Amino acid sequence: GAGVSQSPSNKVTEKGKDVELRCDPISGHTALYWYRQSLGQGLEFLIYFQGNSAPDKSGLPSDRFSAERTGGSVSTLTIQRTQQEDSAVYLCASSPRGGGRTYEQYFGPGTRLTVT
Amino acid sequence: AQTVTQSQPEMSVQEAETVTLSCTYDTSENNYYLFWYKQPPSRQMILVIRQEAYKQQNATENRFSVNFQKAAKSFSLKISDSQLGDTAMYFCAFFNYGGSQGNLIFGKGTKLSVKP
């Protein structure tokens, strides 16, 4: 079946602009995660959605970052007033959180964000 | 807090030979999984192998196997009969399913180059 998809694949934006990154999880997966991958920091957890529960936002680096998940499916990560340190690859993952292979996370191809 | 350490930033191996990537972790939890993910230049994170902490038997997936030493908190990945397509970044990851957080905790990664 289809895997996790993300759009855009690459995004170049000017400092101070807002950006939206989209993630389409695997159909039926109840859990969705956003991670950030940068050269200096490795892979960092940003936010986690599980079903209808309140999201775990403990990894968001500042209040310029927010995310929503509509209808338990598609998620959008929004970065307001982008800064150069926001340049990174943003990875989305989804997980079934039920059944046999419960805890495996399946990743999308990522969005490379470059802030100029 | 849990931490994951990969002490080998880069490794290389000749095609058809065997290589072992190291990973250690620190946790006081008992209910966890460990994973190895592969990230080729395409950026797509691919799950290679997983190990449930409660299982003593080491996981194997074709040419990939792990050496899980729970008391030593060590989780190494062995790649047998290395192939050019194994060239990638390899990340060790920890998941505590007994806690409230749902995210993976990653090591910094090991860049593996398979040479012809």
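Located above this text is the structure these notes cover.
The numbers attached to residues start from 1 for each chain and follow its sequence in the written order. Labels are handed out in written order, letters beginning with A for the chains and numbers beginning with 1 for the ligands. Restriction of local features to residues with pLDDT of at least 70 applies here, the model being predicted, together with a cutoff of 80 or more for giving and counting side-chain atom pairs; totals for whole chains, interfaces and linings are based on all residues. Side-chain numbers here rest on the full set of heavy atoms in the structure, without hydrogens or water.

Draft legend 1. A look at the layout of surface pockets. For cavity detection a 1 Å grid was placed over the protein atoms alone, and a set of points counts as a cavity when a 1.4 Å probe fits there but cannot get out; an open set counts as a pocket when protein lies on both sides within 12 Å along at least five of seven lines, with lining residues being those that have an atom within 4 Å of a point. Grid points are joined across faces, edges and corners, and a volume is the space filled by probe spheres set on the points. Each pocket or cavity is described by its volume, and for the largest pocket that value is around 550 Å³. Lining the largest pocket are 23 residues, with Gln 37, Leu 39 and Arg 112 of chain A together with Gln 39 and Met 89 of chain B positioned closest to its centre. Counting from the N terminus, the helices are the DSSP runs of H or I reaching at least four residues and the strands are the DSSP runs of E reaching at least two. Mapped by element, the contributors of at least two residues to the lining of the largest pocket are β4 (31-38), β8 (88-95) and β10 (111-115) of chain A together with β10 (88-96) and β12 (110-115) of chain B. For the lining of the largest pocket, the class distribution of residues is 10 nonpolar, nine polar and four charged. Residue polarity is assigned by list, with Asp, Glu, Lys and Arg as charged and Ala, Val, Leu, Ile, Met, Phe, Trp, Tyr, Cys and Pro as nonpolar; anything else, Gly included, falls into the polar class.

Draft legend 2. Quick look at the interface of chain B and chain A. The contact rule is simple, with two residues in contact once any of their heavy atoms fall within 4.5 Å. Tallying the contact residues gives 19 residues for chain B and 28 residues for chain A. Two parts placed together each lose some accessible area under a 1.4 Å probe, and adding up what both lose gives the buried area. Across the chain B/chain A interface, buried area totals approximately 1,900 Å², and carbon plus sulfur atoms make up 52% of it. A side-chain nitrogen of Lys or Arg and a carboxyl oxygen of Asp or Glu constitute a salt bridge if their distance falls within 4 Å. The interface formed by chain B and chain A contains one salt bridge. Think of a polar contact as two N or O atoms within 3.5 Å of one another; within protein, one of them needs to be a possible hydrogen donor and the other a possible acceptor, and neighboring residues in sequence only count if both atoms come from side chains. At the boundary of chain B with chain A, the tally comes to seven residue pairs in polar contact (both at pLDDT 80 or more). Mapped by element, the contributors of at least two residues to the side of chain B that touches chain A are β5 (32-39), β6 (46-52) and β10 of chain B. Among the elements that take part in the side of chain B that touches chain A, β5 of chain B stands out by supplying four residues, more than any other. For the side of chain B that touches chain A, the residue count by class is 10 nonpolar, six polar and three charged.

Draft legend 3. Examining the sheet that holds strand β1 (residues 5-7) of chain A more closely. Residue and element names in this part refer to chain A. Strand pairing is assigned whenever DSSP detects at least two bridges linking the two strands. Read from one edge to the other, the open sheet built from four strands follows the order β1-β3-β7-β6, with strand pairing classed as antiparallel. Since the sheet does not close on itself, it has two edges, and those belong to β1 and β6 (65-69), each with one partner. Direction aside, the axes of adjacent strands within the sheet are offset by 15° on average. A fitted line through C-alpha atoms serves as each axis, taken over the contacting stretch for helices, and the angle formed by two N-to-C directions is quoted from 0 to 180°.

Draft legend 4. Local environment of the environment of Asn 58 of chain B. Residues and elements named next belong to chain B. Counting through the fold element by element, Asn 58 comes out in the loop between β6 and β7 (60-61). Exposure classes here rest on a 1.4 Å probe applied to the protein chains alone. A residue is buried below 20% of its type maximum, exposed above 50%, and partly exposed in between. What makes Asn 58 partly exposed here is its relative accessible area of 30%. When the C-alpha positions of Asn 58 and Cys 23 are compared, they lie 15 Å apart, and in sequence the two are 35 residues distant. A polar side-chain atom of Asn 58 sits 2.9 Å from the main-chain amide nitrogen of Phe 68.

Draft legend 5. Up close: the nonpolar core. Residues and elements named next belong to chain B. Each nonpolar core is a collection of buried residues, namely Ala, Val, Leu, Ile, Met, Phe, Trp, Tyr and Cys, held together in the definition by side-chain atoms within 4.5 Å. Tyr 25, Trp 36, Phe 75, Leu 77 and Tyr 90 are the most contacted members of the largest nonpolar core, which has 26 residues in total. Contributions of two or more residues to this core are made by β3 (19-21), β5, β6, β8 (64-69), β9 (74-79), β10 and β12. If one sorts the elements of this core by residue count, β10 sits on top with four residues.

Draft legend 6. Representation of the state of the cysteines. All names here are of chain B. Here, the term disulfide refers to a pair of cysteine sulfur atoms separated by no more than 2.5 Å. Inspection of every chain in the model, using the stated rule, returns two disulfides over all chains. The partner cysteine of Cys 23 in its disulfide is Cys 92, sulfur to sulfur 2.0 Å. For the disulfide bridge between Cys 23 and Cys 92, the dihedral angle about the S-S bond is near -70°, and by the sign convention the bridge is left-handed. Here Cys 23 is found in the loop between β3 and β4 (24-26), whereas its partner Cys 92 is found in strand β10, with 69 residues between them in sequence. Just as Cys 23 is buried, Cys 92 falls in that class too.

Draft legend 7. Local environment of the packing of aromatic side chains. Note on aromatic contacts: the rings of Phe and Tyr and the six-membered ring of Trp form a pair at centre separations within 6.5 Å, being stacked when their planes are under 30 degrees apart, edge-to-face when over 60 apart, and tilted otherwise. Throughout the structure, instances matching the rule amount to 17 aromatic pairs over all chains. Arranged with centres 6.3 Å apart and planes meeting at 85°, the rings of Phe 68 of chain B and Phe 75 of chain B form a pair that is edge-to-face. Within the aromatic cluster, the residues linked to one another by ring pairs are Tyr 33, Tyr 35, Phe 45, Tyr 48 and Phe 107 of chain A together with Tyr 33, Phe 35, Tyr 37, Phe 91, Tyr 97 and Phe 106 of chain B.

Draft legend 8. Representation of the pattern of salt bridges within the structure. Counted under the stated rule, the structure contains seven salt bridges over all chains. A salt bridge links Glu 44 of chain A to Arg 36 of chain A; the nearest nitrogen and oxygen atoms lie 3.1 Å apart. With a relative accessible area of 24%, Glu 44 of chain A lands in the partly exposed category. The partner of Glu 104 of chain A in a salt bridge is Arg 50 of chain B, with the nearest N and O atoms 3.6 Å apart. Within this pair, whereas Glu 104 of chain A is found in the loop between β8 and β9 (106-107), its partner Arg 50 of chain B is found in strand β6, the two belonging to separate chains. For the pair formed by Glu 104 of chain A and Arg 50 of chain B, the shared burial category is buried. Among the ionic contacts, a cluster of salt bridges with common partners joins Glu 104 of chain A together with Arg 50, Glu 52 and Lys 55 of chain B.

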